[in-house]
Amino acid sequence: GLVHSKNRDTRAPPDLQVAVMAKTTPLLEKGAPNTGPMEPPFPLKDLDDNKDKLLQGLTTEEAKRMVEIYGLNEVPEEKEPLWKMFLKQFTGPMQIMIECAALLCLSIQSWPDFIIIMVLLMTNGILGFFEEKSAQASVDALKAGLEKKMPVKRDGKFDTIPVQQVVPGDILFMRGGDIIPADCYYLSGDPCQCDEAALTGESLPVKVPRKDESGKPYSGRRMWSGSILKVGECEAVVSHTGVNTMIGEAAKAIQEASSKELGALEGKIIDAAKVLIGITVLVVVLLFFYMYTVQDVPLPDVLEMSLSLVIASVPVALPMVMKVTLSIGAKEMADEGGIVTHLTALEEIASMKVLCSDKTGTLTTAQMTVYYDNSCRCYNAFTPEQVLEFASIASNEANKDDPIDSAVLQAYCESVGADSIDAAVAARKQRYKLEKDGFVGFNAVVKRTSAIVKNLEGRTYFCAKGMVDVILKTDPKDEGKHQWEVEHYATMSQDVHQADFTLGVSGFKTLGVCVRVDDGPFKFAGILPIMDPPRHDTKRTIAKIKKSNVAVKMITGDHHNIGKELARQIDLGTDIRTPDCLKPQSDSAFHIGARDETILHADGFAKVKPLDKHEVIAVLQRKGMVVGMTGDGVNDAPALAKAQIGIAVHGATDAARSAGDIVLTRDGLSPIYTAIQISRRIFKRLKSYVIYRICISVQVVFFLACLALVYDLRFKALYIILLALFHDLQIVTIAYDKQVASPFPETPTVMGLLMQSYAMGILMFMETMGLIAFGYTFMSDTFRASYEA
């Protein structure tokens, strides 16, 4: 529900904040700090102590003052102007050397040379410009909902206003299906359910209000901006807007991280090119001085010789050749189920040492599944199939948005071998007829659903499903239509709670089922375990990725036990940590180092928030790791933007796709393993090209300098440009070269590139000079005359 403005500072100066706060009503007494997420304008205890006052909402004047303090409900966006982005493409070390060569051409009016150099320069610049322009989309996806409106109470009555005008202290009226436009606290209305999957990765909708988290008062009433209200109508008071919301912090983190650094290989290549250019500049200065002062060569000839050396030293077509090679790799990747949005990601994956993966929708199917096999706990001589059938009777087939009812009915459909849920339910209804007003649906207070049906023999069945505690014994205070206590409650309760605890530790959510036949006792039928299962290929793919010597870590917002059990099932490792370990005990180097080591060696993290994911990535990068991150929701976008390789999985939100470097078009992680193989092959091709190109440059620079110094001979600049160009053009075919992927991450070093290329370049220079010396000394006068002409 957030929108964007350009270059807006949403925070008022501290003196203005204090002045405005001093004039406001008691509702707005609390000031806001000037840094970090700003506090709401009311103490949280007012949710209980001053609820009626909060429900009055704001006046128009108060809302205006809130805008001055908190700004509009939008993410301020700082965009680099396109002209600036375009000019930036011509400021790198290689580009400056090419520009120097172009200026030298102008100075000696060598127009063919000038045109060839400018064509290469502009081609590289335009390719780089379009590459960077596409990267700016990372925050733009959060513009979704630009013109959304919502009923807000102003001056004592509800008016529909644009969501960017919502301010802290406003009262919102929301109903099922609305996207929550700002962080807020539930005040009154129906028991609600919020879908926070895109924010936290939690598979099931969250009930609001619910029990507060330990040590976090009022957290049970909190509703996050960007989540979807699935069930219920309510009034809520806004606490945070714009960049102060959780989704706003995520957008801000994307902005800060979206300026992608150079690829690992590209950075090393540029460093190696800088060394080459530095040596060339030194050679040019020495040669210029020697030729102009010692040999008395005319200035135009000296400049032309200098131009030849400059052109020979700069791998002019290097950026273009790299982009062609990477583009061919990107096409190969697209055929395998991954669209590459930033070409540098294809270089990075070859060097990737750690892959951090989201759980829901990436490692798992993102669909809750009911297990009715040996995992199901049955009581009172009922079978798993019977327990599942009773649960299906107490499910509403019309409510397809309810994940529990849908999961129960899907499992029932599979258990009876029906073609569809509708067919399975229709067949069951032939045997069990629902009594009039016999179905009682779910709400957050009673925490159960029930149905009364009659079978073909005329026997009446009461079936109920819900939270295990509630199914064992209902609470008369909850005002549910049906109240009961199961038969043999004292002993049954102990057995069931032990089984429920065991399933919980194993990462299952649980569903209790009870049944009553005619006027007999209420019997506890069994516990149905529910889990979001791993994808069929997840275990195999993770094994392949690990075999490629890439560590895999799971980062999820879901519960710790659920994460741990999934990690066990897919052989990821069971050292799954909670967010507590992400915060060092103190600011001392020792405690920060201990925290970093914990992150480095953990197999995964559970119950994390978006900025926790961002922190994990940052720590791993500080440890020298090239990090890949997969994700699908808004909650993953900051980490996708921060990681060197952000991978948005199939079905990801717009925000995740825009922040990612690779967007998968197939389910699961298998395209990532393919990407690792393709990338390592590309890396070998590019490394071969770079070593060859620097080697040729070394040979030509030293050869030209030696010719001028020893034999007082010079080449025309045009020939050198054509020689360099033909060297590049004929080696472009290396993009199709057959290579075998390395079993280890490829980590390039500047010294490694220089050692190989300079060793070969100097040997080739010596060989060439040997041939020239031989011809000059021993061959016919025609050979010597051809050079001196």
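Criteria and thresholds
Residues numbered from 1 in each chain as written. Predicted model: local features only at pLDDT ≥ 70, side-chain atom pairs only at ≥ 80, totals over all residues. Heavy atoms only, no water. Helix = DSSP H or I, 4+ residues; strand = E, 2+ residues; numbered from the N terminus. Buried < 20%, exposed > 50% of the residue type's maximum accessible area, 1.4 Å probe, protein only. Contact = heavy atoms within 4.5 Å. Areas by Shrake-Rupley, 256 points an atom, 1.4 Å probe, with all protein chains shown as cover. Pairing = 2+ DSSP bridges. Axes fitted to C-alpha atoms, helices over the stretch in contact; angles between N-to-C directions. Parallel < 35°, antiparallel > 145°, perpendicular 65-115°, else oblique. Left-handed = near helix turned anticlockwise from the far one by under 90°. Arc of directions from axis to C-beta. Core = buried A, V, L, I, M, F, W, Y, C linked by side-chain atoms within 4.5 Å. Salt bridge = Lys/Arg side-chain N within 4 Å of Asp/Glu carboxyl O. Phe/Tyr/Trp six-rings, centres within 6.5 Å; stacked < 30°, edge-to-face > 60°. Lys NZ or Arg CZ within 6 Å of the ring centre and 35° of its normal. Nonpolar A, V, L, I, M, F, W, Y, C, P; charged D, E, K, R; others polar. Expected span 1.5 Å × (residues − 1). pLDDT = per-residue confidence, 0-100.

Chemist: Where do I start with the overall build of the chain in this structure?
Modeler: Looking only at helices and strands, one finds 30 helices and 26 strands in the chain. The proportion of buried residues among the 789 residues of the chain is 53%. Looking at the chain alone, contacts between residues at least 24 apart form 71% of all its contacts between residues at least 6 apart. If you sum the accessible surface of the chain, you get close to 34,400 Å²; carbon and sulfur atoms cover 57% of it.

Chemist: Quick question: what am I supposed to make of the sheet that holds strand E23 (residues 604-605) here?
Modeler: What links the strands of a sheet is backbone hydrogen bonding, and the strands pair in either a parallel or an antiparallel sense. Strand order in this open sheet of eight strands is E12-E26-E25-E24-E13-E21-E23-E22, and the pairing throughout is mixed. The strands lining the two open edges of the sheet, one partner per strand, are strand E12 (338-340) and strand E22 (576-577).

Chemist: Teacher, can you tell me more about the pairing of strand E5 (residues 171-175) here?
Modeler: Two faces, one strand: in a regular strand the side chains alternate between the faces of the sheet. Across the five residues that make up E5, a large majority, four, are buried. In this structure, strand E3 (residues 149-154) lies alongside E5, joined through two bridges in antiparallel fashion. Among the inter-strand pairings, Lys153 is bridged to a residue of E5, identified as Ile171. The pairing of E5 with strand E11 (residues 233-240) spans five bridges and is antiparallel. The residue bridging Arg175 from the neighbouring strand is Glu233, located in E11.

Chemist: Looking at this structure, how should I read unusual backbone geometry?
Modeler: Leaving glycine out, the prevailing phi sign among residues is negative, and the prevailing peptide bond configuration is trans. Of note, the amide linkage connecting Val208 to Pro209 takes the cis form, showing an omega dihedral of 0 degrees. Turning to its location among the elements, Pro209 is positioned in the loop between strand E8 (206-208) and strand E9 (222-223). Despite not being glycine, Tyr218 has its phi angle at roughly 70 degrees, a positive value. By secondary structure assignment, the location of Tyr218 is in the loop between E8 and E9.

Chemist: Looking at this structure, how should I read the packing of helix H12 (residues 299-313) against helix H27 (residues 670-711)?
Modeler: Geometrically, a packed helix pair is captured by the angle between its two axes and the distance between the axes. The contact between H12 and H27 brings their axes to 8 Å, and the two run at 165 degrees. Classified by the angle between their axes, H12 and H27 sit roughly antiparallel to one another. Relative to H27, the crossing made by H12 is left-handed. Residue-level inspection shows Met305, Ser308, Leu309, Ala312 and Ser313 of H12 in contact with H27, the latter providing Ser697, Val700, Val701, Leu704, Ala705 and Ala708.

Chemist: Can you help me understand helix H21 (residues 538-547) in this one?
Modeler: One turn of the α-helix equals 3.6 residues, which is why residues spaced by three or four share an orientation. Every buried residue belonging to H21 is among Thr538, Thr541, Ile542 and Ile545, and all of these are buried. The buried residues of H21 occupy an angular sector of 100 degrees when projected down its axis, which confines them to one face. On its buried face, H21 is in contact with strand E13 (354-357), helix H15 (359-363), strand E21 (551-555) and H27. Asn549 occupies a position one or two residues after H21 and carries a positive phi of about 65 degrees.

Chemist: What is the right way to look at the environment of Leu725 in this model?
Modeler: Take Leu725: it is sitting in helix H28 (residues 717-731). If we ignore the near neighbours within four places in the chain, the residues touching Leu725 are Ile116 and Leu120.

Chemist: I keep staring at the nonpolar core and nothing clicks. Help me out?
Modeler: Grouped burial of nonpolar side chains is what soluble globular proteins tend to show. By size, the foremost hydrophobic cluster in this structure holds 54 residues, and its most contacted members are Met352, Ile645 and Ile662. For this core, the leading source of residues is H27, giving 12 residues. Beyond its immediate sequence surroundings of up to four residues, Ile662 is in contact with Gly338, Ile339, Val340, Thr341, Ala345, Ile349, Ile645, Gly646, Ile647 and Ala648. Counting 43 residues, the second largest nonpolar core, distinct from the first, contains Ile277, Val310, Cys706 and Leu713.

Chemist: Even after reading the chapter, I still don't get the pattern of salt bridges, so can you show me in this structure?
Modeler: A pair can form between side chains of opposite charge whenever their charged atoms are brought close. Applying the stated rule across the entire model yields 21 salt bridges. As a salt-bridge pair, Asp183 and Arg222 come within 3.7 Å of each other at their nearest N and O atoms. Placement of the pair is Asp183 in strand E6 (residues 183-189) and Arg222 in strand E9, with a sequence separation of 39 residues. Overall, the relative accessible area of 1% leaves Asp183 in the buried class. Measuring nitrogen to oxygen at the nearest pair gives 3.8 Å for the salt bridge that ties Glu485 to Lys473. One end of the pair, Glu485, is in the loop between helix H19 (468-472) and helix H20 (489-505); the other, Lys473, is in the loop between H19 and H20, and 12 residues separate them in sequence.

Chemist: For this particular structure, what's the right way to read the packing of aromatic side chains?
Modeler: How two aromatic rings sit relative to each other is set out by the distance from centre to centre and by the angle between their planes. The final tally for this structure, using the stated rule, is 13 aromatic pairs. Aromatic side chains Tyr432 and Tyr461 sit 5.6 Å apart centroid to centroid with 90 degrees between the ring planes, which places their arrangement in the edge-to-face category. With a gap of 29 residues between them, Tyr432 in strand E16 (residues 432-434) and Tyr461 in strand E18 (residues 460-466) connect regions that are remote in the sequence. A relative accessible area of 13% means that Tyr461 is categorised as buried. Chaining the aromatic ring pairs together yields one cluster made of Phe382, Phe390, Tyr432 and Tyr461. If you follow Lys473 out to its NZ or CZ, it ends over the ring of Tyr489, 5.5 Å from the centre.

Chemist: Honestly, the sheet that holds E11 in this entry has me stumped. Any pointers?
Modeler: Strand order in the open sheet formed by six strands is E4-E3-E5-E11-E6-E9, and the pairing between neighbours is antiparallel. Looking along the sheet, the strands with just one partner apiece sit at the ends: strand E4 (157-162) and E9. Direction of pairing for E6 relative to E9: antiparallel, over a ladder of two bridges. Its bridge partner lying in E9, Tyr185 is registered against Arg222.

Chemist: Can you help me understand the environment of Gly337 in this one?
Modeler: By the element assignment, Gly337 lies in the loop between helix H13 (318-335) and E12. Along the sequence, Gly337 and Pro671 sit 334 residues apart, while their C-alpha atoms lie 5.9 Å from each other. Sequence-distant contacts of Gly337, that is, excluding residues within four places in its chain, are made with Val663, Leu664, Thr665, Arg666 and Pro671.

Chemist: Is there a simple way to explain the packing of helix H17 (residues 403-416) against helix H18 (residues 421-431) in this structure?
Modeler: Between H17 and H18, the shortest axis-to-axis distance is 9 Å and the interhelical angle comes to 80 degrees. By the angle between their directions, the pair H17 and H18 is classed as roughly perpendicular. Counted together, Ser406, Leu409, Gln410, Tyr412, Cys413 and Val416 of H17 and Ile421, Ala424, Val425, Arg428 and Arg431 of H18 form the full contact between these two elements. Here the residues of the contact of H17 with H18 are counted per class, giving seven nonpolar, two polar and two charged.

Chemist: Sorry, what's going on with H12 here?
Modeler: The end-to-end C-alpha separation of H12 is 21 Å, in line with the 21 Å expected for 15 residues at 1.5 Å each. The element H12 is extensively covered by neighbouring structure, given that 11 of its 15 residues are classed as buried. Of the positions making up H12, those classed as buried are Val302, Leu303, Met305, Ser306, Leu307, Ser308, Leu309, Val310, Ile311, Ala312 and Ser313.

Chemist: Whenever I open this one, the confidence of the model for the chain confuses me. Can you help?
Modeler: Detail in the predicted coordinates should be disregarded across regions flagged by low pLDDT. Per-residue confidence for the chain gives a mean pLDDT of 81, with 86% of residues at or over 70. Every residue in residues 1-35 is under pLDDT 50, and counting partners more than four places away or in other chains gives 93 contacts. Confidence drops under a pLDDT of 50 for residues 137-146, and excluding neighbours within four residues, the segment shows 31 contacts in the predicted structure.

Chemist: Looking at this model, I keep getting lost on the pairing of strand E24 (residues 627-631). Mind explaining?
Modeler: With respect to burial, E24 is a largely interior element, five of its five residues being buried. On E24, burial covers both faces: Val627, Met629 and Gly631 on one face and Gly628 and Thr630 on the other are all buried. Strand direction decides the pairing type here: E13 and E24, joined by four bridges, are parallel. The residue of E24 that forms the bridge with Leu355 is Gly628. Alignment of E24 against strand E25 (residues 645-648), held across four bridges, turns out to be parallel. Within E25, the position partnered with Met629 by the bridge is Gly646.

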